[in-house]
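The residues making up each chain are set out below.
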Amino acid sequence: MNPIFKHGPSAQHRLILVLCCSMLLIFFDHKMHSFDTARGYMQSMVSPLQYIANAPKQILNWTVENLASRKKLVAENQHYKSQQLIFNEQAMQLDILRSENARLRSLLASPVRPEVKKMVAEILAVDTDPYSHQILINKGLNDDVYEGQPVIDELGVVGQVLHAGATNSRILLISDVSHAIPLRIQRNGVRLIASGSGNIRRLIVNHVPHSTDIKEGDVLVTSGLGGKFPEGYPVAKVNFVQKNETRAFAQVYAEPIAQIDRLRYMLLLWPEPVEAFSTSEVQSKSAGKE
Amino acid sequence: MLAHNGIIILLTLLLSLIAAIMPMPITLDTFRPDWVLVVTMYWAIALPSRVNVITAWVMGLLLDILLGSTLGVHAAAMATTIFIASGNFQKIRNFSLWQQSLVVGVLASLFHLIVFWLQRFLTDVVFLPSYLYPVLTSMVLWPWAFLLLRKTRQHFKIK
């Protein structure tokens with residue numbers, strides 16, 4: 001039944017009401033960050049929708065994995081075997097290098113670098129809006145994920161945790177406009193900061209003086225400054241350098257090493273908190289005495 | 001809301017939310033139609049007494065949570081667009097299908113531009129023409145969604 005006389009407030013009043021609500025929400029969310037904890041709960045609340053949306057892709061993946069031909073499996077197996085051989089050899093080398101490094105570090109009285117805890121997470125590949133580069137993964141507060149946690153894939157740094165829900169969390173990619181990451185050049189150790197450009201294949205390296213020794217092909221790794229990302233993980237490769245003297249700084253662009261548009265499995269890292277360094281130092285000293 | 005098979009309205013709105021976040025290949029992703037906008041607009045035109053600006057705002061807010069954008073951005077855009085649509089529901093109802101899809105195109109571009117303007121106001125995003133590609137697919141989607149939803153409405157006798 002369509003009532004002739006409408007009940008309740010008129011459409012204009014409703015519009016003004018909801019627009020005011022929107023403005024308040026935008027203000028409190030963007031400027032005051034009042035919803036940072038509430039977002040986690042909201043994320044958990046809508047996660048059933050995300051799991052449903054993801055189900056067709058999961059089913060497809062499952063069928064593809066189960067219907068793989070024997071020939072393909074054999075080829076994959078061969079590939080993994082040869083890979084494992086190479087990795088084993090490298091692991092042997094690594095053991096020797098690690099003990100040597102620890103010895104040298106204890107000689108220099110600097111703290112031995114601790115093992116970092118890691119966890120594999122799978123992408124929930126849920127679409128995000130075009131103005132920000134974010135992805136969703138299937139690990140959350142229940143797995144001790146925390147806000148600002150570094151995330152890497154098999155090639156390099158992917159981003160950091162933006163909001164952690166109970167069973168899933170949202171990751172801000174390094175290519176997002178609002179993201180910046182402290183780096184150094186692997187070749188000579190010059191420290192830099194790279195911010196996202198909104199383009200998935202480009203990072204902008206900020207404030208590079210013209211005299212800096214940087215060239216195309218340089219690998220940029222995390223510097224460990226800022227305390228969010230552990231040191232030494234590859235992030236990007238410089239692919240454009242223009243030293244135009246009329247500008248204040250050199251224009252440098254880099255391409256992320258991680259395949260950000262082809263993510264499936266990622267590693268969550270738990271870098272040792274800073275205060276734990278002193279305890280590990282004490283441990284290494286006491287170990288040295290024994 | 002729930003009387004006269006209103007649960008079906010909720011169900012279609014939920015389905016549209018799921019369609020809006022369904023993972024897709026990155027090349028098709030820029031062409032993803034505005035499922036939520038199209039479905040909400042159908043109900044706002046067909047049953048303006050049931051689905052109004054507040055419903056649209058709530059849908060926009062859910063979209064904000066699902067897409068991880070600043071809360072209130074999509075909500076404001078959604079509410080404004082649906083306000084215009086439901087204010088002119090009698091005119092839009094009398095248009096032919098392809099005329100309606102032109103109207104949907106205009107409203108969808110308004111929706112995307114409001115979202116862009118608000119985002120531009122909050123962060124330094126730059127405008128890319130690809131942000132408006134969904135308008136084209138929404139226009140193509142409209143006649144099909146309209147016929148399907150009308151069939152649903154008549155079948156379940158939603159008033």
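Residues numbered from 1 in each chain as written. Chains lettered and ligands numbered in written order. Predicted model: local features only at pLDDT ≥ 70, side-chain atom pairs only at ≥ 80, totals over all residues.

As annotated in an unreviewed UniProt entry, chain B is Rod shape-determining protein MreD from Thalassotalea eurytherma. Quoted verbatim from the Sequence similarities (unreviewed entry) heading of the UniProt record, the comment on chain B is "Belongs to the MreD family." In UniProt, chain B has this text filed under Function (unreviewed entry): "Involved in formation of the rod shape of the cell. May also contribute to regulation of formation of penicillin-binding proteins." (UniProt positions renumbered as here; feature names shortened; annotations may be inferred.)

Looking at an unreviewed UniProt entry, one finds chain A named Cell shape-determining protein MreC and attributed to Thalassotalea eurytherma. UniProt's Sequence similarities (unreviewed entry) comment on chain A is quoted here verbatim: "Belongs to the MreC family." Turning to chain A, the UniProt record has this under Function (unreviewed entry): "Involved in formation and maintenance of cell shape."

On to the interface of chain B and chain A, then. A common way to report how large an interface is uses the accessible area buried once the components associate. Chain B puts 38 residues into the contact, and the matching count from chain A is 36 residues. Those elements that provide at least two residues to the side of chain B that touches chain A are helix 1 (6-21), helix 2 (26-29), helix 4 (53-67), helix 5 (73-87) and helix 7 (97-122) of chain B. Across the side of chain B that touches chain A, the residue classes tally to 25 nonpolar, ten polar and three charged. (Contact = placed C-beta atoms within 7 Å. Helix = DSSP H or I, 4+ residues; strand = E, 2+ residues; numbered from the N terminus. Nonpolar A, V, L, I, M, F, W, Y, C, P; charged D, E, K, R; others polar.)

Take the nonpolar core next. Counting residues in each nonpolar core, the largest one holds 56 residues, and the members touching the most others are B:Val38, B:Met41, B:Met78, B:Ala79 and B:Ile82. Looking at this core, the elements with two or more residues in it are helix 1 (11-31) of chain A together with helix 1, helix 3 (35-46), helix 4, helix 5, helix 7 and helix 8 (133-156) of chain B. When residues of this core are assigned to their parent elements, the largest contribution, ten residues, is made by helix 3 of chain B. If we ignore the near neighbours within four places in the chain, the residues touching B:Met78 are B:Leu37, B:Ala56, B:Trp57, B:Met59, B:Gly60 and B:Phe111. Residues A:Leu124, A:Ile135, A:Val157 and A:Tyr233 belong to the second largest nonpolar core, which totals 40 residues. (Core = buried A, V, L, I, M, F, W, Y, C linked by C-beta atoms within 7 Å. Buried ≥ 20, exposed ≤ 12 C-beta atoms within 10 Å, placed from the backbone.)

Residues and elements named next belong to chain A. Taken in spatial order, the six strands line up as 6-7-8-11-10-9 and close into a barrel, and their pairing is antiparallel. When the angles between neighbouring strand axes are averaged without regard to direction, this sheet yields 40 degrees. Of the strand pairs in this sheet, strand 6 (residues 180-185) and strand 7 (residues 191-196) are connected by five bridges, and their pairing is antiparallel. What sits directly across from Ala180, in strand 7, is Ser195. (Pairing = 2+ DSSP bridges. Axes fitted to C-alpha atoms, helices over the stretch in contact; angles between N-to-C directions.)

Let us now look at unusual backbone geometry. The backbone of A:His207 shows a phi angle near 50 degrees, a positive value even though the residue is not glycine. Here A:His207 shows up in strand 8 (residues 203-208). The backbone of B:Lys157 sits at a positive phi, close to 50 degrees, despite the residue not being glycine. Among the structural elements, B:Lys157 can be located in the segment after helix 8.

Turning to the UniProt feature "transmembrane region" (unreviewed entry) in chain B, a few remarks are in order. Residue and element names in this part refer to chain B. Those places that UniProt annotates as "transmembrane region" (unreviewed entry) correspond, in this numbering, to residues 6-28, 97-119 and 131-149. In the segment residues 6-28, helix accounts for 83% and strand for 0%; the C-alpha atoms at its two ends are 33 Å apart. For the annotated span residues 131-149, helix accounts for 89% and strand for 0% of the residues, and the straight-line distance between the end C-alpha atoms is 27 Å.

Let us now look at the sheet that holds strand 5 (residues 169-173) of chain A. Residue and element names in this part refer to chain A. The antiparallel open sheet is built from six strands, whose spatial order is 1-12-3-4-5-2. Among the strands making up the open sheet, the edge pair consists of strand 1 (117-122) and strand 2 (134-137). Neighbouring strand axes in the sheet, compared pairwise and without regard to direction, differ in orientation by 35 degrees on average. Pairing analysis gives three bridges linking strand 3 (residues 150-152) to strand 4 (residues 157-164), with the strands arranged antiparallel.

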